[in-house]
Amino acid sequence: GYAMQCRVTTEDPADDFRPDTGTIDVFRMPAGMGIRLDDGPGFPGAKITPHYDSLLVKITAKARERSEAIKKIVRALKEFRVRGVTTNKSFLLNVLQHDDFINKPVTTKFIEDHPDVLSPIISQDRAQKLLHFLGNVIVNGPEDKGVQQGVDSPHATVEPPVF
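The rules we used
Residues numbered from 1 in each chain as written. Predicted model: local features only at pLDDT ≥ 70, side-chain atom pairs only at ≥ 80, totals over all residues. Heavy atoms only, no water. Helix = DSSP H or I, 4+ residues; strand = E, 2+ residues; numbered from the N terminus. Buried < 20%, exposed > 50% of the residue type's maximum accessible area, 1.4 Å probe, protein only. Areas by Shrake-Rupley, 256 points an atom, 1.4 Å probe, with all protein chains shown as cover. Expected span 1.5 Å × (residues − 1). Arc of directions from axis to C-beta. Contact = heavy atoms within 4.5 Å. Patch = residues over 30% accessible without salt bridge, like charges linked within 9 Å, V, L, I, M, F, W, Y side chains within 5 Å. Salt bridge = Lys/Arg side-chain N within 4 Å of Asp/Glu carboxyl O. Axes fitted to C-alpha atoms, helices over the stretch in contact; angles between N-to-C directions. Parallel < 35°, antiparallel > 145°, perpendicular 65-115°, else oblique. Left-handed = near helix turned anticlockwise from the far one by under 90°. Nonpolar A, V, L, I, M, F, W, Y, C, P; charged D, E, K, R; others polar. Pairing = 2+ DSSP bridges.

**Considering the overall build of the chain**
And step 1. Secondary structure assignment for the chain yields five helices and nine strands.
And step 2. The order of α-helices and β-strands along the chain, N terminus first, is β-β-β-β-β-β-β-β-α-β-α-α-α-α.
And step 3. Across the 163 residues in the chain, those meeting the buried criterion constitute 32%.
And step 4. Of the accessible surface of the chain, which amounts to about 10,700 Å², a share of 53% is contributed by carbon and sulfur atoms.

Here it is, written out as C-alpha cells:
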C-alpha cells in the first residue's frame, strides 16, 4: 500500500514560505475513508501568532495504489477550509495535481524544476460571500427598488455577491 502526508501550515509559498499570523475565521476539517488527521491549533477564533509552529493539521491518506492515495489526499485538501490566515494548501494541491508528480519519478529538485507550483490558487470564498449577503438582507431588509431617487430608504442597500 501507499501513504502520503501533507502538512497544512500557515505559511505563504508565494512569499518564500513566510509564516502568516491572524485570526482563523473559518475552519473545516476533511474526513473520509483512508484519511487520518493529526490536528493542531486550528479552530474558528484561534489566534495564530509567530511564536509557535505554523502547523495547522497533518493530513495522511492511505490506499493500495499511489494514484488512489493522491486522489484521496487531493479530495481531503479540497474539502479543507481555512479563512483568516494564508495557508500552503494551494501549493500542496499544485504539487499533488502536477502531471510530473503523478506520472514521473520525483526528486528533491521537484519544486526547483517546477516553480509554477508556488503560484497560489485564488479562492472564490463563495459560501462566506453568500452568508454575508444573506445576513445583511436579514438584518437590514431587502433592497427597496421602488424608492424614488433622492428619498431615503429605511433599508440599507445590499449588493448581491459576485461569484
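**Quick look at helix H1 (residues 66–79)**
And step 1. In a regular helix each residue adds 1.5 Å, so 14 residues correspond to 20 Å; H1 covers 20 Å between its end C-alpha atoms and thus fits that length.
And step 2. The set of residues buried in H1 consists of Ala69, Ile70, Ile73, Val74, Ala76 and Leu77. One face of H1 carries all of its buried residues, which in axial projection span an arc of 160°.
And step 3. In this fold, the buried residues of H1 make contact with strand E1 (2–9), strand E6 (35–39), strand E8 (55–63), helix H2 (89–96) and helix H3 (99–103).

**Here's the deal with a nonpolar patch on the surface**
And step 1. There is a patch of nonpolar side chains on the surface, built from Leu130, Leu134, Ile138 and Val139 and spanning about 420 Å² of accessible area.
And step 2. A relative accessible area of 71% means that Ile138 is categorised as exposed.

**Focus: unusual backbone geometry**
And step 1. For Asp16, which is not glycine, the phi dihedral falls at a positive 60°.
And step 2. Here Asp16 shows up in the loop between strand E2 (11–12) and strand E3 (18–19).
And step 3. A positive phi angle, close to 60°, is found at Phe17, a residue other than glycine.
And step 4. Tracing the backbone through its elements, the reader meets Phe17 in the loop between E2 and E3.

**Side note on H2**
And step 1. Most of H2 sits inside the fold, with eight of its eight residues counted as buried.
And step 2. Within the span of H2, buried status applies to Lys89, Ser90, Phe91, Leu92, Leu93, Asn94, Val95 and Leu96.
And step 3. Along its buried surface, H2 packs onto E1, H1, strand E9 (81–83), H3 and helix H4 (110–113).

**Regarding the packing of H1 against H2**
And step 1. Packing of H1 against H2 brings their axes to within 10 Å, and their N-to-C directions diverge by 155°. Here H2 runs roughly antiparallel to H1, going by the angle between their axes. With respect to the hand of their crossing, H1 and H2 are arranged in left-handed fashion. Touching Ile70, Ile73, Val74, Leu77 and Lys78 of H1 are Lys89, Leu92, Leu93 and Leu96, all from H2.
And step 2. When its residues are assigned to classes, the contact of H1 with H2 shows seven nonpolar, no polar and two charged.

**A few points about the sheet that holds E1**
The pairing of strands in a sheet happens through backbone hydrogen bonds and is either parallel or antiparallel.
And step 1. Read from one edge of the open sheet, three strands run E1-E8-E6, paired in antiparallel fashion. Only two strands of the sheet have a single neighbouring strand rather than two, namely E1 and E6. Geometrically, the sheet is characterised by an average inter-axis angle of 15° between neighbouring strands, direction not taken into account.
And step 2. As paired strands, E6 and E8 are joined by five bridges and run antiparallel to one another. The residue of E8 that forms the bridge with Leu37 is Ile59.

**So, the environment of Thr86**
And step 1. Take Thr86: it is sitting in the loop between E9 and H2.
And step 2. Through-space distance from the C-alpha of Thr86 to that of Pro13 is 9.3 Å; in sequence the pair is 73 residues apart.
And step 3. Apart from residues no more than four positions distant in its own chain, Thr86 is found in contact with Thr9, Thr10, Glu11, Asp12 and Asp20.

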